[in-house]
Amino acid sequence: MHTENFLEIDEKIHKFVGFFTVKENFFKIIVKFPEYPLAGKVKLEVFDLSKKISLDFPPDDGETAQAYVKRLEMHLEGNFCDDSSETDDIMSGVARFEEMFNQLDFLEKSGNVVEMSSDCTKIRVSGMSGNEQHFLEFAVSDRAQVKVTDHSLPALPGEMFWKIGTIESHMASFQSFLGQLVEFYDNMHTIDELCFVVGPPEITTKTTHRIIKFSEKIFLKISIDPLIPSQISLNFIGPIAKVEPLREIYNEKIADWDSEMDVHKNLLRMYDMIYFPMKENDVETPCNICFDYLQGSSIPIISCDNTKCNVIFHLQCLKNYFVTLRSSKTMFTLAMGQCPFCREKLTTFLQLEADENN
C-alpha cells in the first residue's frame, strides 16, 4: 500500500484543504471548523478524481480539529485502500482497439480535435468545447493499453494520470480536474484582464504565477495554488526601502484574506487600492544596460536599492553584467552587486529567471 499525506490545517482561517492518496486513489478534502480548535459542527467535503464522495464522518464529543483530521486520514486509508491487483486481460487486444477507436470517434463527433500517428501509437485530443487551449496526449501499447504522456493542466500533487486506462477513463479524469480548476483559471484571467502583466513571457494553461506592476519600480509576483486558489504566495520586486513596508502589510493582513473573494480583489483590499496600473497607461522605460524596452517578450523590472536612482534593467541584462564584476555575489536564489548607474547595492532574485523560462 502506498500513501501520501498532504493534510494540514490552516489555523488562521480555521479551514483545512488538502490531498490524500491511498494506493491509486487520489482525494481532495475540504474541511471547515466553525468551532476551531474543536471539531464541533464540522463541514466536510471529499472528492476523488471524478466525483464528490458522499461521506458521513461526524466528530466525537469534544474532539479537536487536529484529532478529527488524523482520524479522517485513518478512515480513508482503511476504507478506500484496495490491495487487489487489476487485470487487463478481460478483453482481447482486437476488442480493446475496437473500443478505443469507438471512443475516439465519439470524441471527434463531440467537437474535439483527434490526431493519431500513422502507427496508432500516439494520440492527441484537443479543441475541447469551452476549453480550446487544453489537450491530452496518449501513448498506446500494442495491446491498446493507453497512458497519458502529456497534458495542459498545471502541476498538481501526485501523478494523477499514472495508471494505464482507457481514453474514456482518462478524459473523465481530465474533465473532472478541469472542473476543480475553474476558480484557479478565473483568478488568472481576472489578473490578466485588470493588471499590467509583465511576466512570465509565455503564459500557458500550465502557468501558475503572474508578475504584475504594482507601482513605479515595484512589481509583484503572484503564485496561485491551482487546487486551492485562496492560498497564494507573494514576492515583491523592487528597492528594499519601498518593498519592506508592502511586505509588512501583507504579513499583517493575510489573516483577513477573504476566501469568498478573488485574488485580485483581496490584494486591492489589502493595499487599500482602487485598481492596479494598466498597460495602456504605462510609460515604456528602456533598460539602462541594453537601452531597449523589449528583450524578446521581457521588459525591464529590476531597479536598484537607491530610491534616488531612476534606472531599471532587464533581469538577464543585469545577470550578465554581474558576471563581469568581481564584487558580485550569489547566495541561493539571490544575486547581489552594484548598480551600473549609481554604484549602490542592487539585489535581484535569480528564481525569477527560472520562472520566466517556464
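Residues numbered from 1 in each chain as written. Predicted model: local features only at pLDDT ≥ 70, side-chain atom pairs only at ≥ 80, totals over all residues. Heavy atoms only, no water.

Draft legend 1. Inspection of helix H6 (residues 263-270) at higher detail. Judged by how many residues are buried, H6 sits mostly within the fold: 6 of 8 residues are covered. Within H6 the residues assigned to the buried category are Val 263, His 264, Asn 266, Leu 267, Leu 268 and Met 270. Residues of H6 that are buried make contact with helix H4 (182-194), strand S13 (218-224), strand S14 (232-237) and helix H5 (240-253). At the N-terminal end of H6, a side-chain oxygen is found 3.2 Å from the backbone nitrogen of His 264, two or three residues along, and the residue is Asp 262. One or two positions beyond H6, positive phi appears at Asp 272, with a value near 50°. (Buried < 20%, exposed > 50% of the residue type's maximum accessible area, 1.4 Å probe, protein only. Helix = DSSP H or I, 4+ residues; strand = E, 2+ residues; numbered from the N terminus. Contact = heavy atoms within 4.5 Å. Polar contact = N/O pair within 3.5 Å; in protein donor to acceptor, adjacent residues only side chain to side chain.)

Draft legend 2. Region of the structure containing the environment of Phe 135. Looking at the element boundaries, Phe 135 is found in strand S9 (residues 131-140). Counting along the chain gives 16 residues from Phe 135 to His 151, while the straight-line C-alpha distance between them is 5.6 Å. Filtering out sequence-adjacent residues up to four positions away, Phe 135 remains in contact with Arg 124, Val 125, Ser 126, Met 128, Asp 150, His 151, Ser 152 and Phe 174.

Draft legend 3. Here's a closer look at the packing of aromatic side chains. As enumerated under the stated definition, the model contains 7 aromatic pairs in all. Note on Phe 214 and Tyr 271: the rings are 5.3 Å apart at their centroids and 75° apart in plane angle, and the pair reads as edge-to-face. In this pair, Phe 214 is assigned in strand S12 (residues 209-215) and Tyr 271 in the loop between H6 and helix H7 (315-323), connecting sequence segments 57 residues apart. Each of the two residues, Phe 214 as well as Tyr 271, counts as buried. Grouping aromatic residues by their ring pairs yields a cluster made of Phe 33, Phe 57 and Tyr 68. Taking NZ or CZ as reference, Arg 124 lies 4.2 Å from the ring centre of Phe 135, over its face. (Phe/Tyr/Trp six-rings, centres within 6.5 Å; stacked < 30°, edge-to-face > 60°. Lys NZ or Arg CZ within 6 Å of the ring centre and 35° of its normal.)

Draft legend 4. Local environment of the pairing of strand S7 (residues 113-116). By the bridge criterion, 4 bridges tie S7 to strand S8 (residues 122-128) in an arrangement that is antiparallel. Bridged to Met 116 within S8 is Ile 123. Between S7 and S8, which pair antiparallel and follow one another directly, the connecting turn spans 5 residues, one of which, Cys 120, has a positive phi of 65°. (Pairing = 2+ DSSP bridges.)

Draft legend 5. Quick look at the sheet that holds strand S10 (residues 146-151). Pairing is antiparallel across the open sheet formed by 4 strands, whose spatial order is S7-S8-S9-S10. Edge positions in the sheet fall to S7 and S10, since each of these pairs with one other strand and no more. Geometrically, the sheet is characterised by an average inter-axis angle of 25° between neighbouring strands, direction not taken into account. Relative to S10, S9 is paired through 5 bridges, and the arrangement is antiparallel. The residue bridging Phe 138 from the neighbouring strand is Val 148, located in S10. Relative to S9, helix H3 (residues 167-180) is tilted by about 145°, and along the sheet it contacts S8, S9 and S10. (Axes fitted to C-alpha atoms, helices over the stretch in contact; angles between N-to-C directions.)

Draft legend 6. Main features of the state of the cysteines. Summed over all chains, the structure comprises 0 disulfides. No disulfide involves Cys 287; its sulfur sits 3.9 Å from the nearest other cysteine sulfur, which is in Cys 290. (Disulfide = S-S within 2.5 Å.)

Draft legend 7. Broad picture of the nonpolar core. Of all hydrophobic cores here, the largest spans 24 residues; its most connected members are Ile 222 and Leu 267. Of all the elements in the fold, those that place two or more residues in this core are H4, S12, S13, S14, H5 and H6. With sequence-adjacent residues up to four places away left out, Leu 267 is seen in contact with Ile 222, Ile 232, Leu 234, Trp 257 and Phe 276. Residues Phe 313, Phe 322, Cys 339 and Leu 346 belong to the second largest nonpolar core, which totals 23 residues. (Core = buried A, V, L, I, M, F, W, Y, C linked by side-chain atoms within 4.5 Å.)

Draft legend 8. Main features of unusual backbone geometry. The residue after Tyr 36, namely Pro 37, is reached through a cis peptide bond having omega 15°. Here Pro 37 shows up in the loop between strand S4 (25-32) and strand S5 (43-47). Its identity as a non-glycine residue notwithstanding, Asp 272 has a phi of 50°, on the positive side. With respect to the helices and strands, the residue Asp 272 is situated in the loop between H6 and H7. Assessed through its relative accessible area of 69%, Asp 272 is described here as exposed.

Draft legend 9. Spotlight on the sheet that holds S13. Taking strand neighbours across the sheet as the criterion, the 4 strands line up as S11-S12-S13-S14 in an open arrangement whose pairing is antiparallel. Taken across any chain shown, the strands that pair with only one partner, and hence form the sheet edges, are strand S11 (197-199) and S14. Neighbour to neighbour, the strand axes of the sheet diverge by 35° on average, direction disregarded. In the sheet, S13 pairs with S14 via 6 bridges, with the strands oriented antiparallel. Bridge pairing in S14 links Ile 222 to Leu 234. Lying over the sheet, H5 contacts S12, S13 and S14, oriented at roughly 160° with respect to S14.

Draft legend 10. Region of the structure containing H4. The terminal C-alpha atoms of H4, which comprises 13 residues, lie 18 Å apart, in line with the 18 Å expected from a rise of 1.5 Å per residue. Buried within H4 are the following residues: Phe 184, Asn 187, Met 188, Thr 190 and Ile 191. On an axial view of H4, the arc spanned by its buried residues comes to 160°, and they lie on one face. In this structure, the buried side of H4 is in contact with S11, S12, S13 and H6. (Expected span 1.5 Å × (residues − 1). Arc of directions from axis to C-beta.)

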